[in-house]
Amino acid sequence: MNFNHQKIEKKWQKRWRESKLYKADNKKGNKYYLLVELTYTSGDLHMGHWFAWTAPDAFARMKRMQGFNVLFPVGGFDAFGLPAENAAIKHGIHPREWTYKNIETMRSQFEKMGPSFDWDKEVITCDPEYYRWTQWLFLELFKKGLAYRGKVWSNWCPECKTVLANEHVVNGCCWRHTATAVEQKLVDQWLFKITDYADRLLWKDGPERIEDGERSRTSRRIDWPQAAIEGQNNWIGKKEGINITYDVKGLKDKITVFTTAPVNFGATFIVLAPEHPVVEKIITGEIVVPGKILNELKNYIKKATNKTQRERKTTEKEKSGVFTGLYAINHVTKKEIPVWVTDFVLMDVGTGAVQGCPGHDLRDFQFAKKFGIPIVRVIVGEDGYEGPVEKEDQIIEHGMKGKFINSDFLNGLDFEVGLQKTMDYFEEKGWGKRVISYHLRDWSVSRRRYWGAPVPIIYCRRCWEIRNKSQTNHSSPVTNHDLREGVDYAILDDGKEYIIHPVFEKDLPVELPEKADYMPEGLAPLATAEDWVKTKCPVCGSEARREVETLDTYVDSSWYFFRYPSPNYDKGPFDKEIIKKWMPIKVYFGGPEHILGHTLYARFITKFLHDQGYINFDEFAEKRVHHGVILGPDGYRMSKSRGNVVNPDEQIEKFGADSVRLYINFLGPHDKGGAWKTEGIEGAYRFLNRVWRLITNYRDLVVIEKKDAEDILRIQHKTIKRVSEDIKILHTHTAIAALMEFTNLLEDVVNKSQTQNPKSQSSHYSPITNHKIRCAEWDEALKTLVLLLAPFAPHLTEEIYQRYYAGISNFQFPISNELKNSQIKKLNRKSKIENGKFYSVHLHPWPKYNPDLIVEDTITIAVQVNGKLRGTINIKAQMSNDKSEIIELAKKNDKVKKWLDRKEIKKEIFVEGKLLNFVV
Ligand SMILES: [Zn+2]
Ligand SMILES: [Zn+2]
């Protein structure tokens, strides 16, 4: 009889929910916080979602059974953002309606899988009670000078007169004006000064490996994937170098370049970003250059500014540039070197100007080669070749071994030593200054979109005028000259100055207006809600304007994990005392695509909150585990256009949530994944039915032979060890393989007892009713199988547990070598629910293994005489290469012995771990 998954699964899901089985108790100790990334409210949970959290769910279940008070909240939603707004534009419904409808659908999809969530711990980022605290976070940063208005390169449609999201740029054109090319424009936006934390966000010395997984709260040790550590460190891009200031021939203007490798005897040109102030002066005519050059320059800059930053940074493309007509003076060679403009130099990286040393930098080499600029060798590599650099493979770059040549006082010095000496020399001469530069930019956090948390800022023109008046009429110490643009005041779309005021904390949340035009021309959507925009200045009380930009969803998700333990707390974003007990998170599961965005922002916010004294740790997650990808049956990423999407709802209907869970966990290690196969899910389904039949039909089986009992006990303890260890490292596939092997063994014993029992020979799998003799090893084995399978098949195991094991508290696992296979253990089947308490398999203590009972595996060696198989011997696995010992054992083997009797052994051919052939 198969188990009825449809009936069983619904029944237990209801029971778990009603009994709050997975409740994370803030009052209890032994806390263990596991987290899977927030789900976006797309409206449909696909197989990728399942894959992302089924293994973590198994992990959470094991931890709970091991006695931990586990917080595993997955019922949270990243609910703001552009898709809701797009859906609203397309279907004419409110983004809120779209979002909450999707949340409902997704919740019910989640429930069908029977996850071990605490449903009381839910956060939805578009709830005013949530974004109230997102706005609070913004204000905290603002008060500390870490939020400001600055200029950011953005996609700009000259027709819409507005910033476009990347999704709204189609083939380089506006999605609404398909013939209008999108331009790149510097636009005012709110930014968080994450660069102030650049050095602290760098991972130092790599991760410390954790041996046992369990650590004390005060421990600073962290364990993040190498890919995350390297990715973030490269992105932060700390560089120690020097700013060198060049004189320009015939001009007062100077050009400062940043370099980490000042091989200045080889510097033969300078390149400027198209936005460099010197270039701007040429364009405006302030610096006069020949007309032909000016025209070329103008054309080039126009093209360059239409490219996106990413296009400009691409390294593979053909180098382009134009000469400015200017020359700078090389400090050490005293030569005049040409100044060019190129789009691969970005104004917001370094100083927006770079010195070209084409003998020792690939990009400089390609540029010099193309435009016929001299290439000078000043470093000789390990090959000792001192001739000219003519090919790319002759370039000795920074980081390679080499010595200085053609460099006057540096000649003969090692590459690194010479660079330091050059920097000393330039600093001494006053030509340069050592600096540390970072690739990391400030984080742009505001968007001209509707569906987001409004930036809690009020602009007051009256306050600006009051200050202006006091400055001109009286000799007031406060003058507008003290005010900093972007921090104290902003120039809004009308071109006027306004004083920036934060909204009072007591006035939070600043709720979104119910109605706004989502796609107005030339305006931010919120600007169309005129009544909403008009407000009172919190300082002077006169009419003022609200900020019309909303926060990026990355701000919403940068702190949500602090909210889970106390999701209804209303005196702050989180209860400090409760957070102290739960955090940092033990393991944070999520996608590798968040290395540079979400996890970096979350680390920044954590460090900031730590500095403000809100928390006592400065890394929010001790361990990070990336998930892999589940592919379609054809081995490609599931996508609607390929038609290879496997719908989880259909699979649950057919095979049950347990089968789907088991199969996903069996696909491979969590960080790799694999391709969905129909045979695979069918196999998982069959396996669960085998376990079901084994326990329901053969629970009362006797173990006939002592050897079987020994095997069962040994394999059982080995299985406990393997499953426990494999779940801990998210190698759920090998944990399940171990459970399958264990099940095979138990079935073999059943089959053996069946064939030895003439009464039941007729029906191989029929329930045995006539066995009255029981044995402890068998009972334990079956129960252990159920417990170890519980994290993967929570419904099936609950059903079995409730039928046969619940409420039996004195069930002990013997861990001695003493076999009691003849003893009859009477199971006291008390009521399943004792004193109204629900004894769930998911709270049953996790089995422990006894190392003494885990004996090494044996392997079988085939023994041949003159190439014919004459017998086999079993040896311990670790002896598999011990030739002489195996020969001795083989000679003593009864079956082999007679073939060797009175014969001369000429040779022994031995294949390690497999075969021994006597040539006689
Ligand atoms: Zn447009
Ligand atoms: Zn005011």
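Sequence positions are assigned chain by chain, starting from 1 and proceeding in written order. Each chain gets a letter, beginning with A, and each ligand a number, beginning with 1, in the order they are written. With the structure being a predicted model, the display of local features is reserved for residues of pLDDT at least 70 and the display and counting of side-chain atom pairs for 80 or more, all residues being used for whole-chain, interface and lining totals. Each side-chain value is worked out from all heavy atoms of the structure, with water and hydrogens disregarded.

## Notes on empty space enclosed by the protein
Unoccupied space between atoms shows up once a probe the size of one water molecule is rolled over them.
And then number 1: As defined here, a cavity is a set of points on a 1 Å grid over the protein atoms alone where a 1.4 Å probe fits but cannot get out. A pocket is an open set with protein on both sides within 12 Å along at least five of seven lines, and residues line them when an atom is within 4 Å of a point. Grid points are joined across faces, edges and corners, and a volume is the space filled by probe spheres set on the points. The tally for this structure, following the rule as stated, stands at three cavities of 30 Å³ or more.
And then number 2: Computed from the structure, the largest cavity encloses a volume of approximately 60 Å³.
And then number 3: Residues belonging to the lining of the largest cavity are distributed by class as follows: seven nonpolar, one polar and two charged. For this classification, Asp, Glu, Lys and Arg are treated as charged, while Ala, Val, Leu, Ile, Met, Phe, Trp, Tyr, Cys and Pro are nonpolar and the rest, including Gly, are polar.

## Points about the sheet that holds strand β4 (residues 76-78)
And then number 1: Any two strands with at least two DSSP bridges between them are considered paired. What counts as a helix is a DSSP run of H or I of at least four residues, what counts as a strand is a run of E of at least two, and both are numbered from the N terminus. Judged by pairing direction, the sheet is parallel, and its three strands sit side by side in the order β2-β4-β5 without closing on themselves. Across the chains shown, the open sheet's two edge strands, defined by having one partner strand only, are β2 (39-40) and β5 (123-124).
And then number 2: Examined bridge by bridge, β2 and β4 share two bridges and lie parallel to one another. If you follow T39 over to β4, its bridge partner there is F77.

## Describing the sheet that holds strand β16 (residues 353-356)
In sheet architecture, strand pairing relies on hydrogen bonds along the backbone and comes in two forms, parallel and antiparallel.
And then number 1: As summarised here, the arrangement of the four strands in space is β14-β15-β13-β16, forming an open sheet in which the pairing is mixed. Looking at strand neighbours, the two that pair on one side only are β14 (322-329) and β16, the edges of this open sheet. Here the average twist between neighbouring strands, direction ignored, is 25°.
And then number 2: Pairing geometry for strand β13 (residues 269-272) and strand β15 (residues 336-341), over three bridges, is parallel. Directly across from I270, in β15, lies its bridge partner V339.
And then number 3: We call two residues in contact whenever any of their non-hydrogen atoms come within 4.5 Å of each other. Orientation is described by axes fitted as lines to C-alpha atoms, over the contacting stretch for helices, and by angles from 0 to 180 degrees between their N-to-C directions. Where helix α8 (residues 277-284) meets the sheet, its contacts fall on β13, β14 and β15, and the angle it forms with β14 comes to roughly 120°.
And then number 4: Along the sheet, helix α9 (residues 291-306) contacts β14 and β15; its crossing angle with β14, the most-contacted strand, is approximately 110°.

## Focus: helix α17 (residues 598-611)
And then number 1: Across its 14 residues, α17 extends 20 Å between first and last C-alpha, which sits within 8% of the 20 Å expected from 1.5 Å per residue.
And then number 2: Type-normalised accessible area, obtained with a 1.4 Å probe on protein chains alone, sets the label of each residue: buried when under 20%, exposed when over 50%, and partly exposed for intermediate values. For α17, the complete set of buried residues consists of H598, T599, L600, Y601, A602, R603, F604, I605, T606, K607, F608 and L609.
And then number 3: Downstream of α17 by one or two residues, G613 has phi in the positive range, about 85°. To estimate how far a helix should extend, the number of its residues minus one is multiplied by 1.5 Å.

## A short note on the packing of aromatic side chains
And then number 1: Note on aromatic pairs: the rings of Phe, Tyr and Trp (six-membered ring only in Trp) are paired at centre separations within 6.5 Å, and the planes decide the class, stacked below 30 degrees, edge-to-face beyond 60, tilted for the rest. Applying the stated criterion across every chain, the model contains 54 aromatic pairs.
And then number 2: Taking 5.2 Å as the distance between ring centres and 45° as the angle between the ring planes, the aromatic pair formed by W203 and W224 counts as tilted. Here W203 is found in the loop between α6 (198-201) and α7 (226-236), whereas its partner W224 is found in the loop between α6 and α7, with 21 residues between them in sequence.
And then number 3: Three or more aromatic residues joined by ring pairs make a cluster, and in this case those are W203, W224, Y560, F561, F562, Y564, F574, Y588, F617 and F620.
And then number 4: Think of it as a cone above the ring: NZ of Lys or CZ of Arg counts as a charge over the ring if it is within 6 Å of the ring centre and within 35 degrees of the ring normal. The ring of Y148 carries the charged tip of K193 above its face, separated from the ring centre by 5.8 Å.
And then number 5: Its end group placed over the ring of W203, R603 keeps NZ or CZ at 3.8 Å from the ring centre.

## Comments concerning the coordination of the zinc ion (ligand 2)
And then number 1: Donor atoms are limited to N, O and S found within 2.8 Å of the metal ion, a distance that becomes 3.2 Å for Na, K and Ca. With water left out, some sites might look partial. All of the protein donors around the zinc ion (ligand 2) are C460 (SG), C463 (SG), C537 (SG) and C540 (SG); their distances to the metal are 2.2 to 2.3 Å.
And then number 2: Viewed at the metal, the four donor atoms of the zinc ion (ligand 2) are separated by angles of 104 to 115°, and the geometry they form is tetrahedral.
And then number 3: Between the donor residues of the zinc ion (ligand 2), the gaps in sequence give the motif C-x2-C-x73-C-x2-C.
And then number 4: Residue classification places C460 among the buried residues on the basis of a relative accessible area of 0%. Site shape is set this way: if four donors have all angles between 85 and 135 degrees, tetrahedral; if opposite donors are over 155 degrees apart and all others between 65 and 115, square planar for four donors and octahedral for six; otherwise irregular.

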